[in-house]
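# Coordinate inspection notes
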Amino acid sequence: MSLKLSDFDFELPESLIAQYPPPTRGSSRLLVLDRKRKALEHRHFDDILEYMEPGDVLCLNETEVIPARLLGRKEGTGGKIEVLLLRELEKDVWESLVSPGRRCSVGTHLVFGEGELRGEVVERRAGGTRLLRFESDGDPDAKIEELGLVPLPPYIRRNPTELDRDRYQTVYAKVKGAVAAPTAGLHFTERNLNQLKAKSVSIVPILLHIGVGTFRPVVVDCIEEHKLEPEYYEITREATEAVNRAKSDNRRVFAVGTTAVRTLESAANALRRVTETKGWTDKFIYPPYDFKIVDCLITNFHLPRSTLLMLISAFAGRELVLSAYREAIRKGYRFYSYGDAMLIL
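Everything quoted here is computed from the prediction, not taken from an experiment.

At a closest axis distance of 7 Å, the pairing of helix H6 (residues 307-316) and helix H7 (residues 318-330) adopts a crossing angle of 115°. Between H6 and H7, the residues in contact are Leu309, Ile312, Ser313 and Ala316 and Arg318, Leu320, Val321, Leu322 and Tyr325, respectively. Residue composition of the contact of H6 with H7, grouped by class: seven nonpolar, one polar and one charged.

Structure representation (structure tokens):
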């Protein structure tokens, strides 16, 4: 029987939506869900070391969040404009969301800061996005980095601060291109990663640049009809070899976050191995789904009716996941991007 959007709903007190990260990185709580035993444990994130064994592979999404939110004004009228950069299609030309869009027809000139960064709307695209060409007296990328704000998700109801430039970024972020953080990775510290390496856990970087589609709600009742927006991903030869060795040796592959799951499963072949690849994926994982690569998942607590909740429901079973969420709510776990973590074994 097909599942409906309402099958992924639950009631969440607004007080449990984390508005700030925990005082120190890695100090979050950890809810451990054992699928075979259908059992829960309440731990702290540092305890994750106890659940990993020598030879396990930990796959991390090394995408880096760009300061994608720009506040500016229309040249001439001074009308306020907000821009969310989505992806750079060519040097200094960005596909963007512009609000209010009705003020920004092709040819509109925008000014940011004290005029040190300027933009022009050069194309209006399907789906409501626009292409903006940026220029400045120096390097436009450097000015975007300087003037841009952290693109916090809409359920964080505050303006970004300097704190977010550090904490809404993983410690292993290397490749610029995301407009949202792979939030399961926000819990890891250099100390965690070094302890795992000392335990002979293989740390394997992969890549998926998270786009604005991660925030778009599912609006169709039949979930199979929902379409994800394509996102760029890469798996290198080195990552492919490490993952495939683990699968051949019956060792476990841990994915850090739903983006790592989608990356690995997008690169999976019929032999239940991954192939070296780069390109775009719109892979939408929902129940039932046959996972070919991922054995264990580290994740955060997700929105009701979201594609992320559907993915972990496919991984652990919808009823078991919703039961775990009810327990997390009862115990006061913090939800969403800056919230607590969940380990699914």
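Having seen the structure, we can now continue with the description.
By convention here, two paired aromatic rings are described through the distance between centres and the angle between planes. Taken as a whole and judged by the stated rule, the model has 15 aromatic pairs. Each ring, one from Phe112 and one from Phe134, has its centre 5.9 Å from the other, and the planes form 45°; the classification is tilted. Of the two residues, Phe112 sits in strand E8 (residues 109-112) while Phe134 sits in strand E10 (residues 130-136), which places them 22 residues apart along the sequence. A single burial state applies to Phe112 and to Phe134, both of which are buried. One aromatic cluster in this structure is built from Phe10, Tyr155, Phe301, Tyr325, Tyr333, Phe335 and Tyr336. A cation over a ring is seen here: Arg29 above Tyr333, with NZ or CZ 3.9 Å from the ring centre. Cation over ring: Arg35 sits above Phe315, and NZ or CZ is 4.0 Å from the ring centre.

This part covers the nonpolar core. By size, the foremost hydrophobic cluster in this structure holds 68 residues, and its most contacted members are Tyr168, Leu264, Tyr325 and Phe335. A total of seven residues in this core trace back to one element, the largest contributor, which is H6. Those residues within four positions of Phe335 in sequence are excluded, and the remaining contacts are Phe10, Leu12, Leu16, Ile17, Ala18, Phe301, His302, Tyr325, Ala328 and Ile329. Formed by 21 residues, the second largest nonpolar core is a distinct cluster that contains Phe45, Tyr51, Phe188 and Cys296.

Running from amino to carboxyl end, helix H5 (residues 258-266) crosses H6 at an angle of 65°, the nearest separation of the two axes being 10 Å. Here H5 runs over H6; the crossing is left-handed. Within the contact between the two elements, H5 uses Thr258, Val261 and Arg262 and H6 uses Leu308, Leu311 and Ile312. Class assignment of the residues belonging to the contact of H5 with H6 gives a composition of four nonpolar, one polar and one charged.

On to the state of the cysteines, then. In total, this model carries zero disulfides according to the counting rule given. No disulfide involves Cys59; its sulfur sits 11 Å from that of Cys296, the nearest cysteine.

This paragraph deals with H5. Across the nine residues that make up H5, a large majority, nine, are buried. Within the sequence span of H5, burial applies to Thr258, Thr259, Ala260, Val261, Arg262, Thr263, Leu264, Glu265 and Ser266.

Let us look at unusual backbone geometry. A cis amide bond links Ser99 to the next residue, Pro100, at an omega of -5°. For Pro100, the location among the structural elements is in the loop between strand E7 (93-99) and E8. In the segment running from Pro287 into Pro288, the intervening peptide bond is cis, with an omega of -10°. Secondary-structure assignment places Pro288 in the loop between strand E15 (277-281) and strand E16 (296-300). In this model, Asn250 sits at a positive phi of 60°, which is unusual for a non-glycine residue. Positionally, Asn250 belongs in the loop between helix H4 (237-248) and strand E14 (253-256). Its relative accessible area of 73% is what places Asn250 among the exposed residues. Backbone geometry at Tyr336 places phi at a positive 75°, although glycine is not the residue there. Summarising the element assignment, Tyr336 is placed in the loop between H7 and strand E17 (341-344).

Quantified by volume, the largest pocket comes out at close to 770 Å³. Considering the residues around the largest pocket, the lining is formed by 42 residues, among which Thr214, Phe215, Leu303, Ser306 and Leu308 are closest to the centre. When its residues are assigned to classes, the lining of the largest pocket shows 22 nonpolar, 12 polar and eight charged. When its volume is computed, the second largest pocket comes out at roughly 460 Å³. In terms of lining residues, the second largest pocket is bounded by 27 residues, among which Leu86, Arg87, Glu88, Trp94 and Gly177 are the most central. Of all the secondary structure elements, the ones that give two or more residues to the lining of the second largest pocket are strand E6 (80-90), E7, helix H1 (140-147), strand E11 (175-178) and strand E13 (231-235).

Under the criterion given, the structure shown has 31 salt bridges. Where Arg43 meets Glu50, a salt bridge forms, and the shortest distance between an N and an O atom there is 2.7 Å. The closest approach of N and O atoms between Glu162 and Arg165, which form a salt bridge, is 3.7 Å. Of the two residues, Glu162 and Arg165 are both situated in helix H2 (residues 162-167); the distance of three residues between them amounts to about one turn of the helix. For Glu162, a relative accessible area of 62% gives the class exposed. Overall, Arg165 belongs to the partly exposed group, its relative accessible area being 30%. Within the structure, one salt-bridge network assembled from shared partners comprises Glu41, Arg43, Asp47 and Glu50.

What counts as what
Every chain begins its residue count from 1, and numbering advances along the sequence as written. For a predicted model such as this one, the threshold for reporting local features is a pLDDT of at least 70, and the threshold for listing and counting side-chain atom pairs is 80 or more; totals across whole chains, interfaces and linings nevertheless cover every residue. Each side-chain value is worked out from all heavy atoms of the structure, with water and hydrogens disregarded. Interaxial angle, 0 to 180 degrees, is taken between N-to-C directions of lines fitted to C-alpha atoms, where a helix line uses only the stretch in contact. The helix and strand labels rest on DSSP assignments: H or I over at least four residues marks a helix, E over at least two residues marks a strand, and numbering proceeds from the N terminus. Note on contacts: a residue pair qualifies if any of its non-hydrogen atoms lie within 4.5 Å across the two residues. Here the nonpolar group is Ala, Val, Leu, Ile, Met, Phe, Trp, Tyr, Cys and Pro; Asp, Glu, Lys and Arg are the charged ones; every other residue, Gly included, is treated as polar. Pairing of aromatic side chains here covers Phe, Tyr and the six-membered ring of Trp, requires ring centres within 6.5 Å, and sorts the geometry by plane angle: under 30 degrees stacked, over 60 edge-to-face, intermediate tilted. The cut-offs for exposure are 20% and 50% of the maximum accessible area for each residue type, with area from a 1.4 Å probe on protein chains only; residues under the lower value are buried, those over the upper are exposed, and the others partly exposed. Charge-over-ring placement is defined geometrically: NZ (Lys) or CZ (Arg) within 6 Å of the ring centre, and within 35 degrees of the ring normal. By nonpolar core we mean a set of buried residues, namely Ala, Val, Leu, Ile, Met, Phe, Trp, Tyr and Cys, connected to one another through side-chain atoms within 4.5 Å. By definition, any crossing whose near helix is turned counterclockwise from its far helix by less than a right angle is left-handed, and any crossing with a clockwise turn is right-handed. Criterion for a disulfide: a pair of cysteine sulfur atoms within 2.5 Å. Site definitions follow a grid-based scheme: protein atoms alone, a 1 Å grid, a 1.4 Å probe that fits but cannot get out for cavities, and for pockets an open set with protein on both sides within 12 Å along at least five of seven lines, plus lining residues having an atom within 4 Å of a point. Grid points are joined across faces, edges and corners, and a volume is the space filled by probe spheres set on the points. Salt bridges, as used here, are contacts in which a Lys or Arg side-chain nitrogen is within 4 Å of a carboxyl oxygen on Asp or Glu.

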